[in-house]
Every structure is written in C-alpha cells, then in structure tokens.
Amino acid sequence: MGNRVCPDCGEEFSTTYRKCPFCEEEAALQQGAPIHRRGGKRLEKRRTGGGVGGVLLLLLGVVVLGMVGFALVGDRIADTMGIRGGDPLNTTEPSGANAISQPENDQPAPPEDTVTPITVGDGGESGEEGDDGNQAEPTPLALSQANIQIAAGDKARLLASGGTGEVVWSTSNENIATVTGGEVEGKAGGTATITAACGEESVSCTVKVTGDPYVSNLDLKLNKTDFTLPSGDPPVQMKVLISGTSDVYDGQVTWSTGNANVVTVSDGGLVTRVGKGTTTVTAAVEGQELECTVRVP
C-alpha cells in the first residue's frame, strides 16, 4: 500500500482511495451534503490554511516573524522615534546618521591645542607675525641717519630699527659726542662715530660737532720728536707718553703722515720707510696734535 498525490488539489492520500478524499470532502461541503466514505484509509495531513489548527499555526507564524523582525530592526525604529531607553547590557554603538560620537571611556574630549606666537626682537621691540601665521623674519639692523651735524651743547636723536635683541650704543670719543639710548649730545668741536650694535650686527653714524675743539689738560708727549730712518732699518714704533712719566697713554690716538711717499704710519703708530725725504708724523690725541720729524736719507 502506498500514497499518491492528487493532481487537482496537490494533497497526498492513500492508494486505498479510488478518488481524492480531499476533493470529495470539499465538494460535499459546498453542496451541504455529508460525505459517506466507503472504506480505505485517509492520510492524517491537514492543510495549513484550513480549520482552527491552521489559524493557530498562522498566528504563531506571525508572532515569530514579528519577534525576529523586531530583533533585527527594532533598535533603529526606537532610535528614529526617540523612545529607546538605556540598556546597560547593550554595548553596540549606534551607527549611521543617528550615531552620536562619544569620547572613549566617557571622558570629556581634551581641549584643542593652544598655539602661543613667539616674538622676535626688532631693535629691542617684538617682531610681527606674517600673513600666513608664521613668525616674520627680522630685518637687518639700520639707523635713521648715517651723518648728522650738531653744535656743541645741542642734542639729536638716532633711531635703530630691525635686528634681533637689545641695541647697545657707543661713541668713539666721549669728549666730542656722547650717546644714551640713541640720544646724541655734542660736547666739543670735532668728529665722533656713534655705533649701534645688536647681536652680531652693528651700524654707525658720523657726528660732526661744531664749536671750539676739545683740548684736554693732560700733558702729553711723543716718545720721539725727531729721528732718521736709514735704508734697511726696521720700522720705528711711535708712542704717546704722559709727560714726566714713562707711562703710555692708553686712550684713542689718531696717527697720520705728512707724506706717504716718504713714510707710512699704521693705526698703532708703526712708522715704515717708503722713499727718501723728510716729513712729519702726527698724533691727534685729547684735542692735541703732537708732531715728530722723520728724515729718510
């Protein structure tokens, strides 16, 4: 004994039936007449769409599908509607457009770095930032004037610009002109050099002071006042001495020769033979001029 499948309704039934019992039952129910089976065995197979059992199975399937669907998309729906509560067991971070970024370990985000601009001195002043936010390169050290003329007792102002660091002022001869913070004051007739130094840079201004020349009350003299420099002799060293002593004057001395074709003289007073003749070597010091006659045979 076996089974076969009805070609009309697709149900499987025992071969003891000559016709499909399911089709006969459906026809009898539609006509309102009870069916009288004449033997044979009907398979216990129910269609899912018929009877109370089919309804229960259908409801159970809907419930199962709803639970599965909620498990898959319920979190997103709750987030979209803004009704999702806290779930201490849920460690999955939200993603997509509704994700809210949080710092790790619930710690507040660190503050953004603060950049403090570094200034570079400009002649004693702070440098300026460039347009791109980087520190501008310092400009070379410069003075507002390269030459000035003032009378003894008058003052003039020199301004320094550029450079890096503090400006240090100095004068070549305080008896002619002094300088304090760029303010120059004439002391006596003559010429002095005012220098501004900043780091490794330095610039100068020549100051001519009109008026009576400065003459100190120091009693000075030369170590030689007249000498001969024969051919083949070594150069002669000239010095300025303080009268009555053998002490050498340690201030500024300006040396010059009356005829460079006869002898030359270095900034340190060294006299060298050049050609034959007679001339003078002069030392300008403390407003005084000390002369020595040099003969070259």
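One structure accompanies this document, and this report is about it. Remember, it's a predicted structure, so these values are computed and weren't measured experimentally.

1. Section: the overall build of the protein chain
Check the secondary structure of the protein chain and you find two helices and 22 strands. The buried share of the protein chain, reckoned over its 297 residues, is 24%. Intrachain contacts of the protein chain at a sequence separation of at least 6 include 44% that bridge at least 24 residues. Counting every atom, the protein chain has about 20600 Å² of accessible surface; 51% of that belongs to carbon and sulfur.

2. Structural notes on the sheet that holds strand β21 (residues 277-285)
Reading across the sheet, the four strands line up as β15-β22-β21-β18 and stay open at both edges, with mixed pairing between neighbours. Every interior strand has two partners, whereas the edge strands, β15 (226-228) and β18 (254-257), have only one. Between one strand axis and the next, the sheet turns through 20° on average, direction left out of account. Two strands pair when backbone bridges link them, and β15 and strand β22 (residues 288-296) are joined in this way by three bridges, in the parallel orientation. Across the sheet, the residue bridging to Thr228 is Arg295, located in β22.

3. Regarding the nonpolar core
Residues Leu222, Phe227, Val240, Trp255 and Val263 are the most contacted members of the largest nonpolar core, which totals 21 residues. Elements supplying a minimum of two residues to this core: β14 (220-222), β19 (263-265), β21 and β22. Per-element tally for this core: the top contributor is β22, with four residues. Those residues in contact with Val263 that lie beyond four places of it in its chain are Leu229, Thr257, Val271, Thr272, Arg273, Val274, Thr279, Val281, Val294 and Val296. Formed by 19 residues, the second largest nonpolar core is a distinct cluster that contains Ile148, Ala177, Val184 and Cys198.

4. Focus on a nonpolar patch on the surface
On the surface, Leu60, Val64, Val68 and Leu72 cluster together to form a nonpolar patch covering roughly 390 Å² of accessible area. For Val68, a relative accessible area of 46% corresponds to the partly exposed category.

5. Things to note about the environment of Leu159
When you line up the elements, Leu159 lands in the loop between β7 (155-157) and β8 (160-161). In this structure, the C-alpha to C-alpha distance between Leu159 and Leu143, residues 16 residues apart in sequence, is 5.7 Å. What Leu159 contacts, discounting residues up to four positions off in sequence, is Ala142, Leu143 and Ser144.

6. Re the pairing of strand β13 (residues 201-210)
Each regular strand carries side chains that alternate between the two faces of the sheet. Here strand β6 (residues 147-151) runs beside β13; their pairing, made up of five bridges, is parallel. Note that in β13 the partner of Ile148 across the bridge is Val207. Here strand β12 (residues 190-198) folds back onto β13, and the loop between the two strands holds two residues, one of which, Gly199, carries a positive phi near 65°.

7. Quick word on the pattern of salt bridges
Two side chains with opposite charge may pair up if their charged atoms get near one another. Scanning the entire structure with this criterion turns up three salt bridges. The salt bridge partner of Glu185 is Lys187, with a shortest N-O separation of 3.8 Å. When its relative accessible area of 42% is taken as the criterion, Lys187 is described as partly exposed. The partner of Asp226 in a salt bridge is Arg295, and the shortest N-O contact between them spans 2.9 Å. On the criterion of sequence distance, the pair formed by Asp226 in strand β15 and Arg295 in strand β22 is long-range, its members being 69 residues apart. Overall, Asp226 belongs to the partly exposed group, its relative accessible area being 40%. Overall, the relative accessible area of 37% leaves Arg295 in the partly exposed class.

What counts and how
Numbering of residues begins from 1 in every chain and follows the order in which that chain's sequence is written. Totals for whole chains, interfaces and linings use all residues, but because this is a predicted model, local features are given only for residues with pLDDT of at least 70 and pairs of side-chain atoms are given and counted only at 80 or more. The side-chain figures draw on all heavy atoms in the structure; neither hydrogens nor water molecules are used. A helix here means a DSSP run of H or I that spans at least four residues, while a strand means a run of E at least two residues long, and both kinds are numbered starting from the N terminus. Relative accessible area decides the class of each residue, using a 1.4 Å probe on protein chains only: under 20% of the type maximum gives buried, over 50% gives exposed, and in between gives partly exposed. Contacts: residue pairs with any heavy atoms within 4.5 Å of one another. In short, Shrake-Rupley with a 1.4 Å probe defines the accessible areas, and a residue's cover is counted only from the protein chains shown. Pairs of strands are assigned from DSSP output, requiring at least two bridges between the strands. Only C-alpha atoms enter the line fits that serve as axes; for helices the fit covers just the stretch in contact. Angles between N-to-C directions range over 0 to 180 degrees. Note on terminology: a nonpolar core comprises buried Ala, Val, Leu, Ile, Met, Phe, Trp, Tyr and Cys residues joined through side-chain atoms within 4.5 Å. In this analysis, a patch consists of residues with relative accessible area above 30% that form no salt bridge, clustered at 9 Å for like charges and at 5 Å for the nonpolar side chains Val, Leu, Ile, Met, Phe, Trp and Tyr. When a carboxyl oxygen of Asp or Glu is within 4 Å of a side-chain nitrogen of Lys or Arg, the pair counts as a salt bridge.

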